[in-house]
2 protein chains.
Amino acid sequence: MRTILVVGDGMADRPLKELGGRTPLEAAETPNLDSVAKAGVCGLMDIIAPGRPPGSDVANLALLGYDPIESYRGRGALEAMGAGIEIRRGDVAFRGNFSYVDDRGVVLDRRAGRVEGSQFKGHLSDVRLSGHPDVEVTVLPTLGHRLAVVLRGEKLSWRVSDTDPHRDGAKVLTSQPLEKTEEAERTAAIVNKLTATLKNMLRDDPVNRERIKAGLPPANAILLRGAGEPPTVTPMTDLYGVRGACVSATPTVRGACVAVGFEIFDALGATGGVDTDTISKARKAEEVLPNHDIVYLHVKGTDNASHDGKAQLKMSVIEKIDDMVGHLIEHADLDETYIAVTADHTTSVTARDHRGDPVPVAISGPEVRSDAVASFSERACAYGGLGRIRGKELMPTLLDLLGKMPLYGS
Amino acid sequence: MRTILVVGDGMADRPLKELGGRTPLEAAETPNLDSVAKAGVCGLMDIIAPGRPPGSDVANLALLGYDPIESYRGRGALEAMGAGIEIRRGDVAFRGNFSYVDDRGVVLDRRAGRVEGSQFKGHLSDVRLSGHPDVEVTVLPTLGHRLAVVLRGEKLSWRVSDTDPHRDGAKVLTSQPLEKTEEAERTAAIVNKLTATLKNMLRDDPVNRERIKAGLPPANAILLRGAGEPPTVTPMTDLYGVRGACVSATPTVRGACVAVGFEIFDALGATGGVDTDTISKARKAEEVLPNHDIVYLHVKGTDNASHDGKAQLKMSVIEKIDDMVGHLIEHADLDETYIAVTADHTTSVTARDHRGDPVPVAISGPEVRSDAVASFSERACAYGGLGRIRGKELMPTLLDLLGKMPLYGS
């Protein structure tokens, strides 16, 4: 017995005026999602708790079965782990941007003209912080203008604020401790020293000299955000002896899966955007399923469309997810396979942001207690046999169907 | 976007024989409550947890979004805050009665012939406790025979028992510490000393000399109950930047709202009884709505009728609440306003007391995921799209609809 858990990022929504009071899930053509609901048991799920909007990092830890409040330690380390960087307990990691800043420290372009950061690979490999000789710094370009920064040393804390002002036209921020501890104060000081040090290193970088000659904005500063430590979780492999696989193009999701001991797989044509190849992702999931107990199959595009306020685009990505689920149903041995479908949170097309409404969930497979729900949507699943559960309760429910949950008591 | 939360005190009930097996909510004519249910999303709500009957103090803290077990610190301070007395952390407050006690300490009339306590205003302003010169005592008559007592000083505890025996014919009780701490032992001793001191002061009070002359029972003792500290809550204004208003005539409800940072408003003709003017309350709520995110609109009468065991009276107060909701619906901008309706607990007309059955809840407004429920009652709402939630989860759900709940994670 094996399970494929399909997660549509931000796929749940509220009724939209432009869709005649339907949600995108209700308005889209989803025969395959509906068939999972029809064959299976459905419900509503609060990722954290009713009315509490989760970030993507928190939401995926919850769907992987961990308490999102207890286990969460910031996004930076998840992202870095998702990018393949080895992070140890005690390290503090950040997400970063190569950016273009003027002499007064005002951010002119947070992405430095969407510079390809890989050109700087190796240029920033020997960062030394005066006054902090014990701190080891890793700067690693990831995708496009993005990078990861990892600090390693004694007495570091993830409870420090961003240097990224999160908009053009504002000054680079000074990192502040977010709690009154020696570690947080020391780490904020290190971050500010690092910002100045990298600025000096980038000023004379040959890539930037070329960019200026070519009339392009130089990548003369690095903005940091989302400080984080590895989440405080015991990997699922250790807890339950479960072999998990992750098919996702999204660094945070990959990082959360790494943290809980899942193997990460790439699918050709998986972009993390609305243009992703969901059939390729289905094929990859089918390919790796025989060697795993559970495959975490995540599609990001529904969230992107929601943050852009585009209901029709969201519907079209939902329909691509539906095609993907159709492929899974067609190719799976349904006597041996559970298929579960859900979202990691509600993202409102109207608000263009995450909201705390519960998400629908459906589980089909050999031994589920199927109910009368016949379509997969926020409202239909409210009448399902699962009732209303919490995000962290889904994974135990799925593993228990596989007989992988240990007895508590005797 | 704004929200009006209508709370009918003790409005939920059990099926009653005298109503042909219907609950008062089912038997009453409630076209407006039903229209909220029909347009909205419904559910059942356990104020604390299934089968746990809450007091009014606890119930209102839960409806305001706070954990009722963690935040509760007794009723006394809530009542005093609701009466407009400024309470600081560390103070201990009590509810009290002017009462008539014989020489042996037996209570002859807990309300001393429903004496008007305001006559004593100022008479008890200089209370000095021998042996406790550091403790500041405030005695403030409130409504009728009722008063509030506040102790201020070092090392006080709210974990002490009542001196009020809660019935005539019993002896005034000695306050006992309810936990083994120095603070509780010290506070119980102070309360007992205070009881003796007030008895001495009242014996020679000119008001009492006049009452005895007139053949009225003298108010010669003060009975204390419901010791409490301010609840351990961070005001909602600080937590979420929410501006809240409270329209209620009930001291405990007003106190809970003060504790969480709401502004308190009086409505003309609002009595806290079955004769209250609910249309006046609706008008006050409408008046203050534009300057607030949420208005907490509370009607007490349903609870009074329940405690008196009067089903028909309870139905008539329910119908007055229905008229109030009709007024709200008629005058609100329904594209911009959420209306939620619930009860703070079940009060059984048969038992004449609070019970732990869940209460119905309905939320209507622009972006709710409406369900198929078409009437507002304990049984109809059990089939709603909210499923079964906890009391403390309602406020986050309402604030999230307004986009006021912060993201957890990133």
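Refer to the preceding data block for the structure.
Summarised in this report is the structure supplied together with it. (Residues numbered from 1 in each chain as written. Chains lettered and ligands numbered in written order. Predicted model: local features only at pLDDT ≥ 70, side-chain atom pairs only at ≥ 80, totals over all residues. Heavy atoms only, no water.)

## Regarding the overall build of chain A
Part 1: Of the regular secondary structure elements, chain A holds 13 helices and 15 strands.
Part 2: Expected size for 410 residues packed as a compact globule is a radius of gyration near 22 Å; at 22 Å, chain A falls within 12% of this value.
Part 3: A principal-axis box enclosing the C-alpha atoms of chain A has dimensions of 65 × 55 × 40 Å.
Part 4: For chain A, the residues scored as buried account for 58% of the 410 residues in total.
Part 5: Taking the intrachain contacts of chain A between residues at least 6 apart in sequence as the baseline, contacts between residues at least 24 apart amount to 74%.
Part 6: Accessible surface, chain A: about 16300 Å² in total, of which carbon and sulfur atoms supply 47%.
Part 7: Seen as two clouds, the 49 positive and the 57 negative side-chain charges of chain A have centres 6 Å apart. (Helix = DSSP H or I, 4+ residues; strand = E, 2+ residues; numbered from the N terminus. Rg over C-alpha atoms; globule rule 2.2 N^0.38 Å. Buried < 20%, exposed > 50% of the residue type's maximum accessible area, 1.4 Å probe, protein only. Contact = heavy atoms within 4.5 Å. Areas by Shrake-Rupley, 256 points an atom, 1.4 Å probe, with all protein chains shown as cover. Lys, Arg positive; Asp, Glu negative; His and termini not counted. Charge placed at Lys NZ, Arg CZ, Asp CG, Glu CD.)

## Observations concerning the sheet that holds strand β10 (residues 294–299) of chain A
All names here are of chain A.
Part 1: Read from one edge of the open sheet, 8 strands run β9-β8-β10-β1-β11-β14-β2-β15, paired in mixed fashion. Each edge of the open sheet carries a strand with a single partner, namely β9 (263–265) and β15 (387–390). Ignoring strand direction, the axes of neighbouring strands in this sheet form an average angle of 25°.
Part 2: As judged from the 6 bridges shared by strand β1 (residues 2–8) and β10, these two strands associate in the parallel manner. Its bridge partner lying in β10, leucine 5 is registered against tyrosine 296.
Part 3: Helix α12 (residues 311–331) contacts β1, β10 and β11 (337–343) of the sheet and is inclined by roughly 170° relative to β1.
Part 4: Seen against the sheet, helix α13 (residues 394–401) touches β1, β2 (41–46), β10, β11, β14 (359–364) and β15 and runs at an angle of roughly 5° to β14. (Pairing = 2+ DSSP bridges. Axes fitted to C-alpha atoms, helices over the stretch in contact; angles between N-to-C directions.)

## Topic: the relation of the copies chain A and chain B
Part 1: Take chain A, turn it by 121°, move it 0.6 Å along the axis, and it overlays chain B with an RMSD of 0.3 Å. Given the turn and translation reported, the copies of this chain are related as if by a three-fold rotation axis. For chain A, the minimum C-alpha distance to the rotation axis belongs to glycine 387 of chain A and amounts to 3.9 Å.
Part 2: The two copies present different faces, since only 3% of the interface residues in chain A are matched by interface residues at the equivalent positions in chain B. (Least-squares fit on C-alpha atoms with pLDDT ≥ 70 in both.)

## Some words on unusual backbone geometry
All names here are of chain A.
Part 1: Residue alanine 112 is not a glycine yet carries a positive backbone phi of 45°.
Part 2: For alanine 112, the position within the fold is in the loop between β4 (107–109) and β5 (136–141).
Part 3: Take alanine 112: its relative accessible area is 0%, and that puts it in the buried class.

## Observations regarding the environment of alanine 285 of chain B
Residues and elements named next belong to chain B.
Part 1: Following the sequence through the fold, alanine 285 ends up in helix α10 (residues 278–288).
Part 2: Assessed through its relative accessible area of 0%, alanine 285 is described here as buried.
Part 3: Along the primary structure alanine 285 and alanine 270 are separated by 15 residues, whereas in three dimensions their C-alpha atoms are 12 Å apart.
Part 4: Leaving out residues up to four positions away in the same chain, alanine 285 has contacts with Val247, Val295, Leu297 and Leu328.

## Some points on the packing of α10 of chain B against helix α12 (residues 311–331) of chain B
Residue and element names in this part refer to chain B.
Part 1: Close contact between α10 and α12 brings their axes to 8 Å; oriented N to C, the two are set at 30°. Relative to α12, the crossing made by α10 is right-handed. The residues of α12 that touch α10, namely those facing Thr278, Ile279, Lys281, Ala282, Arg283, Ala285 and Glu286, are Lys320, Ile321, Asp323, Met324, His327, Leu328 and His331.
Part 2: Among the residues forming the contact of α10 with α12, the class breakdown is 6 nonpolar, 3 polar and 5 charged. (Left-handed = near helix turned anticlockwise from the far one by under 90°. Nonpolar A, V, L, I, M, F, W, Y, C, P; charged D, E, K, R; others polar.)

## Regarding the side chain of serine 377 of chain A
All names here are of chain A.
Part 1: Counting through the fold element by element, serine 377 comes out in the loop between β14 and β15.
Part 2: Classification of serine 377 by relative accessible area gives buried; the value is 5%.
Part 3: Once you skip the residues sitting within four places of it in the chain, serine 377 turns out to touch Leu25, Glu26 and Pro360.

## Describing the nonpolar core
Residues and elements named next belong to chain B.
Part 1: Within the largest apolar cluster, 92 residues are counted, with the highest numbers of intra-cluster contacts made by Val6, Leu64, Met236, Phe262, Tyr296, Ile363 and Phe376.
Part 2: The dominant element in this core, judged by the number of residues it contributes, is α12, at 8 residues.
Part 3: Once you skip the residues sitting within four places of it in the chain, tyrosine 296 turns out to touch Leu5, Val7, Asn60, Leu63, Leu64, Ala245, Cys246, Val247, Val253, Cys257 and Phe262. (Core = buried A, V, L, I, M, F, W, Y, C linked by side-chain atoms within 4.5 Å.)

## What to know about the environment of histidine 298 of chain A
Residues and elements named next belong to chain A.
Part 1: Along the chain, the position of histidine 298 falls in strand β10.
Part 2: The buried category is assigned to histidine 298, whose relative accessible area is 0%.
Part 3: Residues histidine 298 and alanine 311, 13 residues apart in the sequence, show an inter-C-alpha distance of 20 Å.
Part 4: Not counting the four nearest positions on each side in its chain, histidine 298 is found in contact with Val7, Asp9, Asn60, Val247, Ser248, Thr250, Val253 and Lys281.
Part 5: A distance of 2.8 Å separates polar atoms of two side chains, one belonging to histidine 298 and the other to aspartate 9.
Part 6: Here serine 248 takes part through its side chain, which lies 3.1 Å from a polar atom of the side chain of histidine 298. (Polar contact = N/O pair within 3.5 Å; in protein donor to acceptor, adjacent residues only side chain to side chain.)

## A look at the packing of aromatic side chains
Aromatic rings considered in pairs are described by the distance between their centres and by the relative angle of their planes.
Part 1: Scanning the model with the defined rule gives 5 aromatic pairs over all chains in all.
Part 2: Connected via pairs of aromatic rings, a cluster forms that spans Tyr72 and Trp158 of chain A together with Tyr408 of chain B.
Part 3: Positioned above the aromatic ring of tryptophan 158 of chain B is the side chain of arginine 159 of chain B, whose terminal nitrogen or guanidinium carbon lies 5.0 Å from the ring centre. (Phe/Tyr/Trp six-rings, centres within 6.5 Å; stacked < 30°, edge-to-face > 60°. Lys NZ or Arg CZ within 6 Å of the ring centre and 35° of its normal.)

## So, the pairing of strand β3 (residues 92–101) of chain A
Residues and elements named next belong to chain A.
Part 1: The element β3 is largely enclosed, with a buried count of 9 among its 10 residues.
Part 2: Summarising the sheet, β3 and strand β6 (residues 146–152) pair through 6 bridges and their orientation is antiparallel. Its bridge partner being in β6, phenylalanine 94 is matched across the sheet by valine 149.
Part 3: Examined bridge by bridge, β3 and strand β7 (residues 221–228) share 6 bridges and lie antiparallel to one another. Note on β7: the bridge partner recorded for glycine 96 is leucine 224.
Part 4: When β3 meets β4, the two strands line up antiparallel, connected through 2 bridges. Paired with tyrosine 100 across the strands is aspartate 109, a residue of β4.

## Quick look at the sheet that holds strand β8 (residues 244–247) of chain B
Residues and elements named next belong to chain B.
Part 1: The strand order across the open sheet built from 8 strands is β9-β8-β10-β1-β11-β14-β2-β15, with neighbouring strands paired in mixed fashion. Looking at strand neighbours, the two that pair on one side only are β9 (263–265) and β15 (387–390), the edges of this open sheet. Across this sheet, the average inter-strand angle for adjacent strands is 25°, counted without regard to direction.
Part 2: Pairing of strand β1 (residues 2–8) with strand β11 (residues 337–343) involves 7 bridges; the strand directions are parallel. Paired with arginine 2 across the strands is threonine 337, a residue of β11.
Part 3: Strands β8, β9 and β10 (294–299) of the sheet are contacted by helix α9 (residues 251–259), whose axis makes an angle of about 150° with β9.
Part 4: Across the sheet, α12 is in contact with β1, β10 and β11; its angle to β1 comes to roughly 170°.

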